[in-house]
Amino acid sequence: MTDKQEFGRRGEELALAFYQESQYVILEKNWQSGHLEVDIIAKNEETIVFCEVKTRSGNAFGEPQQSVTPQKQRNIIRAANYYVLKHQISLEVRFDIIAITFNGEEYTLECIPYAFTPKW
């Protein structure tokens, strides 16, 4: 595993812990359908969350969440639609971004619920 992959994995583990501490059940991590991927799929009693995790080592190139482009959002929405239909889920759907910024061993984690929505 490359350093970049290991760094991203660390961020995803922190995001998983965040959802678990918030009483969500983790359904999937790094779920794929063809070329589409969702980092985390979690649920509580009334909501299923499709989350994109972005981890950075600083803000020199902007905030982590700024790298979730409109195309990336469309791909996550497409993947979520497939997942919901395949598993016959009738819960409210939410799209989150978890932005993690490291400063050495210290980090900040920002969860942005409803970060984007489908354009119907």
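These notes cover the structure that comes with them. (Residues numbered from 1 in each chain as written. Predicted model: local features only at pLDDT ≥ 70, side-chain atom pairs only at ≥ 80, totals over all residues. Heavy atoms only, no water.)

The helix and strand inventory of the protein stands at two helices and five strands. Shown N-terminal to C-terminal, the secondary structure of the protein runs as helices and strands in the order α-β-β-β-α-β-β. In summary, the protein has a C-alpha radius of gyration of 14 Å against a globular reference of 14 Å for 120 residues, a match within 12%. A buried classification covers 36% of the 120 residues belonging to the protein. Within the protein, counting contacts between residues at least 6 apart in sequence, those at least 24 apart form 54% of the total. Element-wise, carbon and sulfur atoms account for 48% of the exposed surface of the protein, whose accessible area totals about 7500 Å². Looking at charge distribution, the protein has the averaged site of its 13 positive side-chain charges lying 8 Å from that of its 17 negative ones. (Helix = DSSP H or I, 4+ residues; strand = E, 2+ residues; numbered from the N terminus. Rg over C-alpha atoms; globule rule 2.2 N^0.38 Å. Buried < 20%, exposed > 50% of the residue type's maximum accessible area, 1.4 Å probe, protein only. Contact = heavy atoms within 4.5 Å. Areas by Shrake-Rupley, 256 points an atom, 1.4 Å probe, with all protein chains shown as cover. Lys, Arg positive; Asp, Glu negative; His and termini not counted. Charge placed at Lys NZ, Arg CZ, Asp CG, Glu CD.)

A word on the pairing of strand E5 (residues 106-112). As judged from the seven bridges shared by strand E4 (residues 92-103) and E5, these two strands associate in the antiparallel manner. Bridge pairing in E5 links Asn 103 to Glu 106. Counted between consecutive antiparallel strands, the loop separating E4 from E5 contains two residues, among which Gly 104 sits at a positive phi close to 70 degrees. (Pairing = 2+ DSSP bridges.)

With respect to the secondary-structure elements, Arg 78 resides in helix H2 (residues 70-86). Classification of Arg 78 by relative accessible area gives partly exposed; the value is 46%. Residues Arg 78 and Lys 4, 74 residues apart in the sequence, show an inter-C-alpha distance of 26 Å. Non-local contacts of Arg 78, meaning those with residues more than four positions away in its chain, are made with His 35 and Leu 36.

Before going further, it helps to spend a moment on the packing of aromatic side chains. All chains considered together, the criterion is met by eight aromatic pairs. Pairing Phe 102 with Tyr 107 gives two aromatic rings, centres 5.6 Å apart and planes at 50 degrees, and the pair type is tilted. We classify Phe 102 as buried; its relative accessible area is 4%. Here the aromatic residues Trp 31, Phe 50, Tyr 82, Tyr 83, Phe 95 and Phe 116 are joined through ring pairs into a cluster of three or more. Over the face of the ring belonging to Tyr 114 we find Arg 94, whose NZ or CZ atom lies 5.6 Å from the ring centre. (Phe/Tyr/Trp six-rings, centres within 6.5 Å; stacked < 30°, edge-to-face > 60°. Lys NZ or Arg CZ within 6 Å of the ring centre and 35° of its normal.)

Judged by pairing direction, the sheet is mixed, and its five strands sit side by side in the order E1-E2-E3-E4-E5 without closing on themselves. Each end of this open sheet is capped by a strand with a single partner; those strands are strand E1 (25-33) and E5. Going from strand to strand, the sheet's axes swing by 25 degrees on average, the running direction of each strand aside. Here strand E2 (residues 36-43) runs beside strand E3 (residues 47-56); their pairing, made up of four bridges, is antiparallel. Its bridge partner being in E3, Ala 42 is matched across the sheet by Val 49. Sheet strands in contact with H2 are E1, E2, E3 and E4, and its direction is about 60 degrees off that of E2. (Axes fitted to C-alpha atoms, helices over the stretch in contact; angles between N-to-C directions.)

Just distances and angles here, no functional claims.
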